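In case you want the letters, here they are:
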Amino acid sequence: MKKIFIWVGHPRETSLSHGMADHFEAGARAGGADIRRMHLRDMDFDPDLEEGYHSRKELEPCLVDWRENILWADHLCWAYPVWWGSMPAKMKGVIDRAFLPGFAMDYPEGKVMWEKRLKGRSADLLLTSDAPPWFDQIVNGRPAKLQAKNTILKFSGISPTKTLQVGTVKTASDAKIEKWLKAAETRGRKAAR
């Protein structure tokens, strides 16, 4: 049975990101997956890594739980909005505080390359934006996708990562939104295999 950890990275209580995660989860459950889920909104922690990697703060309980869910999972699904070409600041705070050397990666002494500690996992990114994906690709190079896929997930060994980016959200018809939700459900069903 596939173990999937879904993390909703929208700081609001409800959003299209939540809807995309709901449908992904429904598809994954229909495919027989075991699911764990967390919401950024419910996470209470200090997002600032004040000393960088030089000294560590003790992880708050929600960050400990988040890490345990990452380690438990075969597959991750992160659903979040694209704000200013990136993920929401609080979401990035989770990454800053929890994806640290010793957990996500290590820098072995005397070696040039880092050790990827989270190998054996794959991921789906469900991104919502007010820019159409084609525009974000041509004009910006899809920085939110690349940040999560390459500099966070792949850097720590999580690969492959598939991305479903939808938009323009603010002007989308109900029919368009329903199409996006069905696409997220299909992704969930495929991830459960």
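Preceding block: the structure.
If you're wondering where the values come from, they're calculated on a predicted model, not measured in any experiment.

Quick word on the overall build of the protein
Step number 1: Secondary structure assignment for the protein yields six helices and seven strands.
Step number 2: Put simply, the protein runs from its N terminus to its C terminus through helices and strands in the order β-α-β-α-β-α-β-β-β-α-α-β-α.
Step number 3: Its C-alpha radius of gyration of 17 Å places the protein within 12% of the 16 Å reference for a compact globule of 193 residues.
Step number 4: When its C-alpha atoms are laid out on the principal axes, the protein stretches across 55 × 40 × 30 Å.

Concerning the pattern of salt bridges
Step number 1: This structure, assessed with the given rule, holds 12 salt bridges.
Step number 2: Its salt-bridge partner being R117, residue D106 comes within 2.6 Å of it at the nearest N-O pair. With D106 in strand β4 (residues 105-106) and R117 in the loop between β5 (115-116) and β6 (122-128), this pair connects stretches of sequence that are 11 residues apart.
Step number 3: A cluster of three or more residues bridged by salt bridges with shared partners is formed by D22, E25, R29 and R37.

What to know about the sheet that holds strand β3 (residues 75-81)
Step number 1: Taken together, five strands build an open sheet; the order of strands is β2-β1-β3-β6-β7 and the sheet is parallel. Here the strands that pair on one side only, and so sit at the sheet edges, are β2 (34-39) and β7 (161-166). Along the sheet, successive strands turn relative to each other by an average axial angle of 15°, direction set aside.
Step number 2: Bridge count between β6 and β7: six bridges; the pairing is parallel. Bridge pairing in β7 links D124 to K162.
Step number 3: Along the sheet face, helix α5 (residues 143-153) touches β3, β6 and β7 and points at about 155° away from the line of β6.
Step number 4: Contacts between helix α6 (residues 174-191) and the sheet are confined to β1 (3-8), β3, β6 and β7, with β7 contributing the most and set at about 170° to the helix.

Some thoughts on the packing of aromatic side chains
Step number 1: Within this structure, the stated rule accounts for eight aromatic pairs.
Step number 2: A centroid spacing of 5.0 Å and a plane angle of 65° characterise the contact between W7 and W66, whose relative ring orientation is edge-to-face. Of the two residues, W7 sits in strand β1 while W66 sits in helix α2 (residues 61-72), which places them 59 residues apart along the sequence. Assigned by exposure class, W7 and W66 land together as buried.

Concerning α2
Step number 1: With 12 residues, α2 should cover 16 Å at 1.5 Å per step; its first-to-last C-alpha distance of 16 Å lies within 8% of that length.
Step number 2: By the burial criterion, the buried members of α2 are C62, L63, W66, R67, N69, I70 and W72.
Step number 3: As for α2, its buried residues are in contact with β1, β2, β3 and α3 (89-98).

Topic: the side chain of S156
Step number 1: With respect to the element layout, S156 can be found in the loop between α5 and β7.
Step number 2: Residue classification places S156 among the buried positions, given a relative accessible area of 1%.

A closer look at the environment of L71
Step number 1: The topology assignment puts L71 in helix α2.
Step number 2: Looking at L71, the relative accessible area reads 44%, which means it is partly exposed.
Step number 3: Residues L71 and G102, 31 residues apart in the sequence, show an inter-C-alpha distance of 13 Å.

Procedures and definitions
Residues numbered from 1 in each chain as written. Predicted model: local features only at pLDDT ≥ 70, side-chain atom pairs only at ≥ 80, totals over all residues. Heavy atoms only, no water. Helix = DSSP H or I, 4+ residues; strand = E, 2+ residues; numbered from the N terminus. Rg over C-alpha atoms; globule rule 2.2 N^0.38 Å. Salt bridge = Lys/Arg side-chain N within 4 Å of Asp/Glu carboxyl O. Pairing = 2+ DSSP bridges. Axes fitted to C-alpha atoms, helices over the stretch in contact; angles between N-to-C directions. Contact = heavy atoms within 4.5 Å. Phe/Tyr/Trp six-rings, centres within 6.5 Å; stacked < 30°, edge-to-face > 60°. Buried < 20%, exposed > 50% of the residue type's maximum accessible area, 1.4 Å probe, protein only. Expected span 1.5 Å × (residues − 1).

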